[in-house]
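Per-entry structural report
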Amino acid sequence: MENEKQPSKTNNDALHFPKAENPFRLSDLRRAPVENWAAGIPAVKAAFADLMEEKTLIRGTRALFKMNQVDGFDCPSCAWPDPDDERSPLGEYCENGAKALAEEATSKRVTPDFFAEHSVYALSKLTDYEIGKMGRLTDPVYLPPGGTHYQRISWEDAFHKIGTHLNALASPNEAAFYTSGRTSNEASFMYQLFAREFGTNNMPDCSNMCHETSGTALRPTIGIGKGTVKLEDFYDTDVIVIMGQNPGTNAPRMMSALERAKRNGAQIIAINPLPEAGLMGFHNPQEIRGIIGGGVKLADKYLPVKINGDMALLKALELLLLQLEEQHPGSVLDHRFIEEKTTGYEAFVEALRTADYTLTTLAEQCGVEVDDLKAAAAMLAFKKRIIFCWGMGLTQQPNGVAMIREILNILLLKGSIGIKGGGVCPVRGHSNVQGNRTMLIDEKPTDAQLDRLQEFFGFNPPRKQGYDVVRTIKAMHAGDIKVMLSMGGNFLSATPDTNYTAAAMRKLDLLVCVSTKLNRGHLIHGKESLILPTYGRSDKDIVGGQLQIVTTENSMGVVQYSKGMLDPVSDNLLNETQIVCRMAMSTLGERSVVDWKTYHGSYDAVRDAIEQCIPGFSNFNIRVREKGGFYLPNAARDEQRFAGHLGGRAPFTLTQLPDNTLQEDEYVMATTRTHDQFNTTIYGLDDRYRGIKNERRVVFMNAQDIAKAGLKEGDKVDLFNYDDGIERIAPLFVVVSYPIPQRCTVTYFPETNVLVSVNNVVEESNMPASKYVKIKIRKHDARMLKDV
Ligand SMILES: Nc1nc2c(c(=O)[nH]1)N[C@H]1C(S)=C(S)[C@@H](COP(=O)(O)OP(=O)(O)OC[C@H]3O[C@@H](n4cnc5c(=O)[nH]c(N)nc54)[C@H](O)[C@@H]3O)O[C@H]1N2
Ligand SMILES: Nc1nc2c(c(=O)[nH]1)N[C@H]1C(S)=C(S)[C@@H](COP(=O)(O)OP(=O)(O)OC[C@H]3O[C@@H](n4cnc5c(=O)[nH]c(N)nc54)[C@H](O)[C@@H]3O)O[C@H]1N2
Ligand SMILES: [Mo]
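What this report covers is the structure whose coordinates are included nearby. (Residues numbered from 1 in each chain as written. Chains lettered and ligands numbered in written order. Predicted model: local features only at pLDDT ≥ 70, side-chain atom pairs only at ≥ 80, totals over all residues. Heavy atoms only, no water.)

Observations concerning the sheet that holds strand E2 (residues 38-39)
Spatial strand order, E2-E10-E11: three strands in an open sheet with mixed pairing. Two strands bound the open sheet, and with one partner strand each, they are E2 and strand E11 (296-297). With two bridges joining them, strand E10 (residues 281-283) and E11 adopt antiparallel strand pairing. Each residue of the ladder has a partner; that of phenylalanine 282, found in E11, is valine 296. (Pairing = 2+ DSSP bridges. Helix = DSSP H or I, 4+ residues; strand = E, 2+ residues; numbered from the N terminus.)

Here you go:
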């Protein structure tokens, strides 16, 4: 590590700004064939390799068998549900769950001595991968004004500083309370309570970058911002459409559900610019037949859509379904459902019939052959049990909200929502991101939600809408937010426009991060900064001598408990709920009407309060301890009761085709994840299924585009974006030739977040549109590397 041997505090670090970006160095790319099967033996091997490397094999493997078991802990990776009935005796985990566990269960430690040795500036010169490998945070640390090194601080003093800073603000709205999606229901509920009793709804969260678009699209149409299917619907369905999602990497346990669906006769349509391995085929490593061969082919139809071509594709499917209905009256559309459960059908059909596009122009815009569109439409036409799944490929598009409503239009035509084996399935990201929202981590709460808090706790919660992620960045930049608390996550690296965001964060008076591991977000600090170490999901959480449970909600609305089993890396950690309660006590003191002390000592008491304030949690403490937990109510799924303002009907929505024209030398870039990362946590440098080894600074391009641009595979290039009339540069990437539609490119985040303008957002949901970034690509120029 650079600067490792330098004595502390003598290296003129104060003169340097810590680096907000990963160092611009390449690590020697190797190519392997692109895979078209996910999992199997390599996945099992990879899972154990990670545990070995983290020196956690013994603690780790034991833990693996407890992960996602009925009396175990909830995997800290994705939000895919556990089977309600049988769970695999091999452990309900996947390769990437094992990596997430290895990352959390590592016995390496980041101690106050470590911080004394390494300045913030020196740490910032490491890659995210290197920073992550340093280990678990063991003690609270503090960076004083003008300081170059974090230093040990007592919990007492840390809470005191937080209270003093918050109370010195001119208005509570000068503070922001960020949340990432791993935080338990209990900690989330107390955290929002603290923010609201303090007086603000400034609660940006990772949903603002993830599925905000889904919630925004679904709430006014089906009356609930969540999905409408259960896991068992996958076992009993006819067609599953997977759009803009890479399940093999990001929700690997979804693969077992897809496998079972296929064995039960379902067909799969995959819509993605990349032929992802996890969409094509699957060898189940949890079953012997999967390990030794005999996997299942997944996609029956793969549609290689252009980036942001999905709207054209969906409209083409609708045209075709209407045509088929004319040929086979009554057997394609569900007229009874349309009549009884929807509104706006005539206007919708009229708009399609009179539109100035045709099947041919739509096919051109989406990049998929007419015949393939016809084949996909034929697969849907005479089937009713249809599930649409989607991920970031749709939600992070500028018109993502409209596209999801277009998906609903199709399901409404077919009467395929709120039925067994049919409905919508936004596949959530973080393991408890859905629960965070249920617990009111939301910058725009409804009056009804706030009324319940007011009634139970007796204070007046603020009614003014707060800032989401993008608005928080801008407010920080304008100096309007002065203190930011971060419950998990990595705000700096997860958000767009890295250098703009870094400038914003440097203006903060105080940044407080509650974290398990060190990340770059701790290094781009405010005038003062605190890092408060906490337990991960797999750690034993002992309060009052008793091993505790916490609860989470998965992608399908099941609330379950999770019980850690590993001895914590340090005895100076506090759990998130206790941290929140102590921040609240030291900030609000005598003026609080909430009994923080009781909640500090008892998760059961927190759950009793949740039961009183949030519908669906009756008998919470009892029901959550029952096998498999319980489902939250979902009127769209259970009763076909949709939008309340339309008397329970669901409206058809009229949408527009986007304008996808590009300048001569422009490309569209989608930023995605590799198989070796969890968001900003980088497990390794490979992206195995896509045949990439040992490099993250790559740009996937179409072979013809490469030739046309006068480039060749392996060339070094620089990437540019010019939104808002500003030049943004991401230097030094390697060109990779890949089966991707022309003018479309893919890179990995967070390295290319520097290219995403903070103003490039999704309409209505205000999420960063990180899958639709216009870029230019030029041969690498060494001058781009000058150290700024
Ligand atoms: N191992 C692992 N698991 C994870 C995560 C992780 O980082 N690592 N992250 C978690 C989180 S927070 C989330 S939100 C989920 C994310 O999981 P995904 O939703 O799968 O997210 P991405 O990897 O960003 O990739 C989305 C897919 O969209 C495709 N795509 C890009 N542009 C378009 C487009 O215009 N149209 C269509 N149809 N497709 C497009 C890409 O090719 C890619 O396959 O995973 C969760 N699980
Ligand atoms: N360009 C681009 N940007 C994106 C995306 C994209 O596809 N493209 N995806 C977006 C999406 S979908 C999301 S969800 C966001 C993710 O944004 P975040 O949720 O903010 O980021 P993570 O990388 O998941 O956060 C990792 C950090 O969380 C901390 N941590 C881990 N476990 C725990 C825990 O149990 N408790 C606490 N307190 N801390 C913990 C660790 O310190 C770790 O370093 O990124 C978004 N950014
Ligand atoms: Mo996410």
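Moving on from the model shown.
Considering the packing of aromatic side chains
In this structure the tally under the stated criterion is 21 aromatic pairs. Where phenylalanine 177 meets tyrosine 191, the ring centres are 5.8 Å apart and the plane angle is 65°; that geometry is what we call edge-to-face. Taken together, the residues phenylalanine 177 in strand E7 (residues 175-179) and tyrosine 191 in helix H8 (residues 185-198) connect sequence positions 14 residues apart. Relative accessible area serves as the criterion here: at 1%, tyrosine 191 is assigned to the buried category. Following the ring pairs from residue to residue traces out a cluster consisting of Phe177, Tyr191, Phe194, Phe198 and Trp596. Cation over ring: lysine 230 sits above tyrosine 631, and NZ or CZ is 4.2 Å from the ring centre. (Phe/Tyr/Trp six-rings, centres within 6.5 Å; stacked < 30°, edge-to-face > 60°. Buried < 20%, exposed > 50% of the residue type's maximum accessible area, 1.4 Å probe, protein only. Lys NZ or Arg CZ within 6 Å of the ring centre and 35° of its normal.)

Regarding the site of ligand 1
Ligand 1 sits among 30 residues. The nearest are Glu276, Asn308, Asp310, Gln677 and Asn679. A distance of 3.1 Å is found between a nitrogen atom of ligand 1 and a backbone nitrogen or oxygen belonging to threonine 249. Within the side chain of arginine 673, an N or O atom sits 2.8 Å from an oxygen atom of ligand 1. For ligand 1, the accessible surface in isolation is 910 Å², of which the surrounding protein chains cover 99%. (Near = heavy atom within 4 Å. Polar contact = N/O pair within 3.5 Å; in protein donor to acceptor, adjacent residues only side chain to side chain. Areas by Shrake-Rupley, 256 points an atom, 1.4 Å probe, with all protein chains shown as cover.)

Comments concerning the state of the cysteines
On inspection of all chains with the given rule, the structure shows zero disulfides. Here cysteine 206 stays unpaired: no disulfide links it, and the sulfur of cysteine 210, its closest cysteine neighbor, is 5.9 Å away. Residue class for cysteine 206 comes out buried when judged on its relative accessible area of 9%. (Disulfide = S-S within 2.5 Å.)

Digging into the pattern of salt bridges
Taken as a whole, this structure holds 51 salt bridges when the rule is applied. Residue aspartate 82 is joined to arginine 253 by a salt bridge in which the shortest nitrogen-to-oxygen separation is 3.0 Å. Here the residue aspartate 82 occupies a position in the loop between helix H2 (57-66) and helix H3 (95-105), and arginine 253 occupies one in helix H12 (residues 253-263), the gap between them amounting to 171 residues. Overall, aspartate 82 belongs to the buried group, its relative accessible area being 6%. Put simply, glutamate 95 and lysine 99 hold a salt bridge, and the shortest N to O gap is 3.4 Å. Here glutamate 95 and its partner lysine 99 are both found in helix H3, four residues apart, which amounts to about one turn of the helix. Taken as a pair, glutamate 95 and lysine 99 share a single burial class, namely buried. Bridged by salt links that share partners, the residues Asp205, Glu212, Arg437, Asp442, Glu443 and Lys444 form one connected network. (Salt bridge = Lys/Arg side-chain N within 4 Å of Asp/Glu carboxyl O.)

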